[in-house]
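# Analysis of the macromolecular model
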Amino acid sequence: DAQRPYIYLESSGVDKDKMARDMAEREGIREGLICVLAVIEPCVTAQVVSNKLTGHREVGYRLRKCRFFYFYLLDREFGLMHVRLQSWVPFDLQVYINGRSYLARQLEREGIPFVRRANALMRVGDYGRAQQLLDQLLRRNWPKTLNVLARRVNPILNRLGLVGDFGYYWMTQESEVATDIVFKDPEALHRIYPALIDHALRHFHSRDVLRFLTGRDAQRLPNQITTSYRKREEGVRIKHAVNENSLKMYDKEGCILRIETTINNPRRFQVLRRKGGALAWQHMSKGVRDLGRRVEISLAANARYLEALSVVHCAKALEWVLD
């Protein structure tokens, strides 16, 4: 109906984001569906199996392979995004949204000038207003927004009336929250970044990393705490991981110092919630109701990391000191 291409991919290794972005630029698409990409990938799906204990056949879940549909959109609010739909029961749906694409759309609406390069906002005319626009995501009715997307890509929901109480239960599978420090020019960041990397590698030990991510010291360390260093084409990245969750630092596009917290397992953190009529600290869930708490924890982790880096001494040439 949208008169957009449906493309079957032979391999899941294709860079689908780039493919959709290039297509949108090439064809001048400003809003709406860009394309639908299909690919075979592993899935968890229902299968009738025999129960050896009871002798009956029953429905169980097995890891298999099936076709997935990737709906790439240039959304009015969120910019470039995609929705991934599993073609077999239980028709799992995953929505991928980029906060900076959302912010760029909002800045355009309000006429605030900005410079964007790849996944980074290099300059913004009004940083205060930009932060206010981004904070609106936390007050959003996410189940309502996501159910609208679900109805657009999964016709079975409309046919059976399964949106709402009997539709999808929306969870945050993975969240990335970054704090960007914007430098006036690349040279200013290049002068201090090697010292920051060196300090993080030499002085941030397991208990330090745990404190950054959790805000507290622990008598007993978790199963696995790692620090890794990687030099990529676009810059140098250092990553600290506590089991499934991590904290990264890297230089983005030459003049942005980015500190980023990724949460894959929220149950390692707590949220204040009512239980039996009284407020009590409980394990944080994956449900979207705890999205605000995720952001709060991630921003606090970023701040602790930056605070720890503030002690780094950077050697300067005499001419820089005099300048």
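All of these numbers come straight from a predicted model, not from anything done at the bench.

Calculation criteria
Residues numbered from 1 in each chain as written. Predicted model: local features only at pLDDT ≥ 70, side-chain atom pairs only at ≥ 80, totals over all residues. Heavy atoms only, no water. pLDDT = per-residue confidence, 0-100. Helix = DSSP H or I, 4+ residues; strand = E, 2+ residues; numbered from the N terminus. Pairing = 2+ DSSP bridges. Expected span 1.5 Å × (residues − 1). Buried < 20%, exposed > 50% of the residue type's maximum accessible area, 1.4 Å probe, protein only. Right-handed = clockwise from strand over helix to strand, strands pointing away. Core = buried A, V, L, I, M, F, W, Y, C linked by side-chain atoms within 4.5 Å. Contact = heavy atoms within 4.5 Å.

With 94% of its residues at a pLDDT of 70 or more, the protein has an overall mean of 90. Mean pLDDT values over the elements of the protein span from 66, in helix H9 (residues 318–322), up to 97, in strand E1 (residues 6–8).

Another point: the pairing of strand E14 (residues 278–283). In this structure, strand E13 (residues 270–275) lies alongside E14, joined through six bridges in antiparallel fashion. For Arg-274, the partnering residue across the bridge sits in E14 and is Leu-279.

The next thing to look at is helix H4 (residues 142–153). Relative to the 16 Å expected for 12 residues at 1.5 Å per residue, H4 spans 17 Å between its end C-alpha atoms, a close match to the ideal helical length. Taken residue by residue, H4 has Trp-142, Thr-145, Leu-146, Asn-147, Leu-149, Ala-150 and Val-153 as its buried positions.

This part takes up the pairing of strand E2 (residues 32–50). The pairing of E1 with E2 spans three bridges and is classified as parallel. Paired with Tyr-6 across the two strands is Val-36, which belongs to E2. Handedness of the β-α-β unit built from E1, helix H1 (residues 16–27) and E2 comes out right-handed. When E2 meets strand E3 (residues 57–75), the two strands line up antiparallel, connected through 18 bridges. Of the residues in E3, the one forming a bridge with Ser-50 is Arg-57. Taken together, E2 and the strand that follows it, E3, pair antiparallel across an intervening segment of six residues, in which Gly-55 is found at a positive phi of about 80°.

Before going further, it helps to examine the nonpolar core. Of all hydrophobic cores here, the largest spans 31 residues; its most connected members are Tyr-193, Leu-196, Phe-204, Met-249, Leu-257, Tyr-305 and Leu-309. Here this core takes six residues from helix H6 (residues 186–203), the largest share from any one element. Filtering out sequence-adjacent residues up to four positions away, Phe-204 remains in contact with His-199, Val-209, Phe-212, His-240, Tyr-305, Ala-308 and Leu-309. One finds Leu-149, Ala-150, Trp-170 and Leu-291 within the second-largest nonpolar core, a separate group that totals 20 residues.

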